[in-house]
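Each chain, letter by letter, is given below.
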Amino acid sequence: MPIFPDCSSRAPAHLLAAILILGSAVGGSALAQTPTAPAGAAAGSPPTAPSASPSASTASPAASDPVLATVNGAPIHMSDLNATAETLPPQARSLPPQQLYPMLLEQLIDARALLVEARKTGLDKDPEVQRSMQMAQDRALESAFLSKAVRPQVTDEAVKARYEQDTAAKAGEPEVHARHILVGDEATAKKIIADLKNGGDFVALSKQYSKDPGASAQGGDLGFFKKTDMVPDFATAAFALKDGEVSPTPVHTQFGWHVIQVLGHRDAPKPSFDEERAQLRQSMVQAAVQKEVAQARGDVKVETFKMDGSPAKATDTAEPPAAK
């Protein structure tokens, strides 16, 4: 893992800013250049050494992970640049490797040179620095453990199975397609209902009376919606109507008085796997992490103290008796 002066695995802000500025300056033609990655690699992906052929099984590690520079004899490998590139934001990673990697190499050389100077001054022996380094090491180890434990639980196959179980196998939620006319008083709403019974045109009446400008421009059409999408009184009235039916009496909500006509019912279409994949994966990762954390805590003995370091007591969180 590359080491930067701030003891984190992220590239310093000045490097990221420079890379992003460069990305904006080079424009579309530069971004479209063919990267020096192996054939079949994704555009903008880090270049790696070519795959070994069956006859090249005796190739040395140096051939697949070449040394790109040395600092006081300590090597910087292609794998160091690959690891650094993976920590960059997507816009920076999209730069052609022939532009991005020389900048990353210069940054790693600078970082190694700074480490040499820091050790010369004895900073690596400073208690505060050692504490920061230990915390960074602990975080890296925790992250590596969770990644190793969670990754097998959130495979593409597992995500697809969860989609089939939670989405594909269940019926879509009921929806209605309705339109409405919103007015400020009950009398006007009753007049509109009477006009509709006498053959009045809903679209024309909506444009004439409705105080809902967004819907009235569409003839009052609200499209399909679920019961939870609307305020309760409006939703209850709409879902009680049959196709083509107009509410027999005005429906009152905090917005005013509504005349509702339902145009159709359906079950909501199910989202596709591609639409659900990212959200499903995220929820599965969160659940797996919580499970691993709970299991880890169950395997250790935990004792907590007060903020002043004194022993905690069971009575510390007790509520005082209610005043008579």
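Scroll up to find the structure.
Let us look at the structure shown here. Once a new chain begins, its residue numbering starts again from 1 and follows that chain's sequence as written. For this predicted model, a pLDDT threshold of at least 70 governs which residues receive local features, and a threshold of 80 or more governs which side-chain atom pairs are given and counted, while totals over whole chains, interfaces and linings are taken from all residues. Calculation of side-chain values draws on the structure's entire complement of heavy atoms; hydrogens and water are dropped beforehand.

## Overview of the side chain of Ser-206
This is how it is decided: Segments assigned H or I by DSSP are reported as helices when at least four residues long, segments assigned E as strands when at least two residues long, and all are numbered from the N terminus. Under the rule applied, a polar contact is a pair of N or O atoms within 3.5 Å (in protein, one hydrogen donor and one hydrogen acceptor; residues adjacent in sequence only if both atoms are side-chain atoms). Contacts were defined at the residue level, with two residues in contact if any of their heavy atoms lie within 4.5 Å.
With respect to the helices and strands, the residue Ser-206 is situated in helix α9 (residues 202–209). In terms of polar contacts, Ser-206 uses its side chain to reach the backbone amide nitrogen of Gly-220, at 3.3 Å. Leave out the neighbours within four places in its chain, and Ser-206 touches His-180, Ile-181, Ser-216, Gly-219 and Gly-220.

## So, the sheet that holds strand β5 (residues 251–253)
Strand pairing in a sheet relies on backbone hydrogen bonds. The paired strands run either parallel or antiparallel. Here is the rule we go by: Strand pairing requires that DSSP identify at least two bridges connecting the strands. Under this scheme, a helix contributes an axis fitted over its contacting stretch, all axes are lines through C-alpha atoms, and angles between N-to-C directions fall in the 0 to 180 degree range.
Strands sit in the order β4-β3-β6-β5 across an open sheet of four strands; the sheet is antiparallel. This sheet does not close on itself; its edge strands, each paired only once, are β4 (221–226) and β5. Taken pair by pair, the neighbouring strands of this sheet meet at an average axis angle of 45 degrees, ignoring direction. Across ten bridges, the pairing between strand β3 (residues 174–183) and strand β6 (residues 256–267) is antiparallel. Each bridged residue has a counterpart across the sheet, and for Pro-174 the counterpart in β6 is Asp-267.

## Things to note about unusual backbone geometry
Peptide bonds are trans in most cases, and residues, glycine excluded, mostly fall at negative phi. Defined as follows: Think of it in three bands: with a 1.4 Å probe and only protein chains considered, a residue is buried below 20% of the maximum accessible area for its type, exposed above 50%, and partly exposed in between.
A positive phi angle, close to 55 degrees, is found at Asn-72, a residue other than glycine. Inspection of the secondary structure puts Asn-72 in the loop between β1 (67–71) and β2 (74–77). On the accessibility criterion, Asn-72 (71% relative accessible area) is exposed.

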